Amino acid sequence: MRQFECINGEMVIGGIPATKIADKFGTPVYVTDESALRENFRRINKAFSRHMPTHIHYACKANTNLAILRILKQEGSYIDAVSIGEVETCLRAGFSPDRIMFTGVCVSTKELEAVVSKGVLINIDSFSEMKRLAGIKSRIPISIRVNPDVGAGHHDHVVTGSRKSKFGIPLADILKAYSESLDLGLIPVGLHAHIGAGVQEIDPFVKVTDVLVSIAKEIEEKLRIELEFIDIGGGIGIPYKPDEKPMDVDLLAQEVTARIKAGCSVETVAIEPGRYIVADTTVLLTKVVDIKETPEKNFACIDAGFNTLIRPSFYGSYHHIAVANKFDASGEVIYDVVGPICESGDFLARDRLLPKLNEGDVIAVYDAGAYGFSMSSQYNSRPRCREVLVYNGTANIIREMETIDDILRHQRIPSRLMV
Ligand code: LLP
């Protein structure tokens, strides 16, 4: 959890009081601090690259805002993209195709053709995908995703590396996959696995590295394939709660790179952090619009619901909450912090001790930069909100608020219904 400045009892983000941002741009609004983003990227890049050549593939599913992508391009990032939409977005943000790896699952031939035409590296998820790719274009480099039988993550929904998950080629078939890729005229250059998301411990990353290194060694010896990189995937967790500690990424990097260097002749490590890079760069600012005291509960009703930030409802995730205009006040009342969506599952926090709230107070929801806006929706016909970038006391809109017209733009009423 990032610490924010407190000036005159007010939370300050990137040199600007949060209440000023809320008043100027309206709420709800996602506010990203550019310096924090650059710091996060540099920290993880430095941790790995001082041991061996490193490609940080930012997992852009966490946040695909063009301005954020542009900053990461300036920092020297590579990209992990999962759809033709993400590939196209990153190209438009200025990434060159050779910086992008496409790691799809359940990839249709149509999407494969589109991705191939962009010239990005394809990370194969199944035998069928590999054959279909070779039918579209051969003599191109590829990477292969293995299901490493090492799974971890903050919730069942996000564990991807376990045997029963839909991802990757089973461990038992991985040699066959590389040998078949040669038969199909493809050029295997990489090996990839992703264990899951929101992993707080180093151990699963060490385990998956061991699996990848032993595969790399085996294909060197048996198939004479010398891979250019091993990609250990993403999933580095962050501390969402005040008492949690951040992962020691220096130790992680040391453990992972030492194993690669000792166990095979692969010279480059790739890693795909999404959350680690963007989560704590962004707060969601939202206003208290109503206070409802019932015999059972105190409800702080705010203008953001699970349409704006779905993680608490969907995964039961904890996001820290502060009151931006009472930043140094202590907790006094226990609230359920709830939104305007017509479902009882619409909450951002439950049973949270906060300073006594009034209508108009500005609530800051922490660590909202990863899977916040990117998972937001128009449910209940509520337009998606604005995004703002702050840097050294200046604030710029990086996404306009949607309008009701935006929601209705693609709908059609057949003329026979218009009589
Ligand atoms: N690489 C691959 C192949 C992935 O599938 C993912 C995430 C990542 C990298 C990045 O994981 P990260 O470093 O951001 O944890 N919506 C969920 C997270 C889903 C992650 C899906 N894949 C959440 O809000 O926690």
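Worth saying up front: this structure is predicted, and the values here are computed from it rather than measured.

## Focus: the overall build of the chain
Here comes step 1: In terms of regular secondary structure, the chain is built from twelve helices and 21 strands.
Here comes step 2: The dimensions of the chain, computed from C-alpha atoms along their principal axes, are 70 × 65 × 40 Å.
Here comes step 3: Every one of the 419 residues in the chain was classed for burial, and the buried ones make up 54%.
Here comes step 4: At a minimum sequence separation of 6, the contacts of the chain that also span at least 24 residues come to 69%.
Here comes step 5: If you sum the accessible surface of the chain, you get close to 18,400 Å²; carbon and sulfur atoms cover 49% of it.
Here comes step 6: The chain carries 48 positive and 55 negative side-chain charges, and their two centres are separated by 4 Å.

## Focus: the sheet that holds strand E2 (residues 10–13)
Here comes step 1: Spatial strand order, E1-E2-E3: three strands in an open sheet with antiparallel pairing. If you trace the sheet from one side to the other, it starts and ends with strand E1 (5–7) and strand E3 (16–17), each paired once.
Here comes step 2: As paired strands, E1 and E2 are joined by three bridges and run antiparallel to one another. Within the sheet, the bridge partner assigned to Glu5 lies in E2 and is Val12.

## Thoughts on the domain arrangement of the chain
Here comes step 1: In terms of domain boundaries, the chain breaks down into domain 1 (5–32 + 279–408) and domain 2 (34–278).
Here comes step 2: For domain 1 versus domain 2, the separation of C-alpha centres amounts to 32 Å.
Here comes step 3: Across the boundary between the two partners, domain 1 contributes 24 residues, which contact 24 residues of domain 2.
Here comes step 4: Counting the surface lost from both domain 1 and domain 2, the interface buries some 2,100 Å², and carbon and sulfur atoms represent 57% of this.
Here comes step 5: Broken down residue by residue, the surface that domain 1 buries against domain 2 is led by Tyr315, Tyr318 and Tyr371, which jointly contribute 26%.
Here comes step 6: Viewed at the interface, domain 2 and domain 1 are joined by zero salt bridges.
Here comes step 7: Inspection of the region where domain 1 meets domain 2 yields twelve residue pairs in polar contact (both at pLDDT 80 or more).
Here comes step 8: Residue assignment for the side of domain 1 that touches domain 2 shows that the elements contributing at least two residues are helix H11 (311–315), strand E20 (386–391) and strand E21 (394–399).
Here comes step 9: Element by element, the count of residues in the side of domain 1 that touches domain 2 is highest for E20, at four residues.

## Thoughts on the pairing of strand E5 (residues 54–59)
Here comes step 1: Counting buried residues in E5 gives five out of six residues, a clear majority hidden from the surface.
Here comes step 2: Strand direction decides the pairing type here: E5 and strand E6 (residues 78–81), joined by three bridges, are parallel. Paired with Ala59 across the two strands is Asp80, which belongs to E6.
Here comes step 3: Taken together, E5, helix H3 (residues 66–74) and E6 form a β-α-β motif whose crossover is right-handed.

## A closer look at the site of the ligand
Here comes step 1: The local shell around the ligand holds 20 residues, among which His154, Glu272, Arg311, Tyr315 and Tyr371 are the closest.
Here comes step 2: Here a nitrogen atom of the ligand sits 3.2 Å away from a polar atom, N or O, in the side chain of Asp80.
Here comes step 3: The contact in question runs from an oxygen atom of the ligand to an N or O atom on the side chain of Tyr371, over 2.6 Å.
Here comes step 4: Contact with the protein chains hides 92% of the accessible area of the ligand, taken as 580 Å² for the molecule alone.
Here comes step 5: Along the lines of polarity and charge, the residues of the shell around the ligand split into eight nonpolar, six polar and six charged.

## A word on unusual backbone geometry
Here comes step 1: The omega torsion across Thr27 and Pro28 is -5 degrees, close enough to zero to call that bond cis.
Here comes step 2: Positionally, Pro28 belongs in the loop between helix H1 (18–25) and strand E4 (29–33).
Here comes step 3: In this structure, Cys106 is a non-glycine residue whose phi angle is positive, near 55 degrees.
Here comes step 4: One can find Cys106 in the loop between strand E7 (100–103) and helix H5 (109–118).
Here comes step 5: For Cys106, a relative accessible area of 70% puts it in the exposed group.
Here comes step 6: Positive phi outside glycine occurs at Asp351, with the angle close to 50 degrees.

## Description of the packing of aromatic side chains
Here comes step 1: Per the stated rule, a full pass over the model turns up four aromatic pairs.
Here comes step 2: Look at Phe4 and Tyr366: their rings are 5.3 Å apart centre to centre, the planes differ by 85 degrees, and that puts the pair in the edge-to-face class. Taken as a pair, Phe4 in the segment before E1 and Tyr366 in the loop between strand E19 (362–365) and E20 lie far apart in primary sequence, 362 residues in all. Each member of the pair, Phe4 as well as Tyr366, is classed as buried.
Here comes step 3: We note Lys176 situated over the ring of Phe127; from NZ or CZ to the ring centre the distance is 4.8 Å.
Here comes step 4: The lysine or arginine in question, Arg350, covers the ring of Phe347, its NZ or CZ lying 3.9 Å from the ring centre.

## What to know about the pairing of E20
Here comes step 1: Along E20, five of the six residues are buried, which leaves the element largely enclosed by surrounding structure.
Here comes step 2: One ladder, built from five bridges, connects E4 with E20; its direction is parallel. Looking across to E20, one finds that Tyr30 is bridged to Glu387.
Here comes step 3: Two elements, E20 and E21, share five bridges in a ladder whose sense is antiparallel. Of the residues in E21, the one forming a bridge with Tyr391 is Thr394.
Here comes step 4: Connecting the antiparallel pair E20 and E21 is a turn made up of two residues, with Asn392 showing a positive phi of about 50 degrees.

Parameters and conventions
- The numbers attached to residues start from 1 for each chain and follow its sequence in the written order.
- Under the rules for a predicted model, residues below a pLDDT of 70 receive no local features and side-chain atom pairs below 80 are neither given nor counted, while totals for whole chains, interfaces and linings still include all residues.
- Only hydrogens and water are set aside; all other atoms, that is, all heavy atoms of the structure, feed into the side-chain values.
- Secondary structure elements follow DSSP: runs of H or I of four or more residues count as helices, runs of E of two or more count as strands, with numbering from the N terminus.
- Between buried and exposed lies partly exposed: a residue is buried under 20% and exposed over 50% of the maximum accessible area for its type, with that area taken using a 1.4 Å probe on protein chains only.
- In this analysis, two residues are considered to be in contact whenever any of their non-hydrogen atoms come within 4.5 Å of each other.
- Here the open area of atoms and residues is found with the Shrake-Rupley method and a 1.4 Å probe, where only the protein chains shown may cover a residue.
- Charge assignment in this entry is limited to Lys and Arg as positive and Asp and Glu as negative, and neither His nor the chain termini are counted.
- A charged residue contributes its charge at one atom only: NZ of Lys, CZ of Arg, CG of Asp or CD of Glu.
- In this analysis, strands are considered paired if DSSP registers two or more bridges between them.
- Each domain's extent was defined by an automatic or database domain assignment.
- Accessible area that two parts lose when put together, with a 1.4 Å probe and added across both, is what the buried area reports.
- Think of a salt bridge as a Lys or Arg side-chain nitrogen and an Asp or Glu carboxyl oxygen that are within 4 Å of each other.
- Counted as a polar contact is a pair of N or O atoms within 3.5 Å, where, for protein atoms, one must be capable of donating a hydrogen and the other of accepting one, and residues adjacent in sequence contribute only when both atoms are in side chains.
- The definition of a right-handed crossover adopted here requires that, viewed with the strands pointing away, the path from the first strand over the helix to the second runs clockwise.
- A molecule or strand has a residue near it when one of that residue's heavy atoms lies within 4 Å.
- In this classification, the charged set is Asp, Glu, Lys and Arg, the nonpolar set is Ala, Val, Leu, Ile, Met, Phe, Trp, Tyr, Cys and Pro, and all remaining amino acids, among them Gly, are polar.
- Within 6.5 Å between ring centres, the rings of Phe, Tyr and Trp (the latter by its six-membered ring) count as paired, and their orientation is classed by plane angle as stacked under 30 degrees, edge-to-face over 60, tilted in between.
- The rule for a charge over a ring is simple: NZ of Lys or CZ of Arg within 6 Å of the ring centre, and within 35 degrees of the ring normal.

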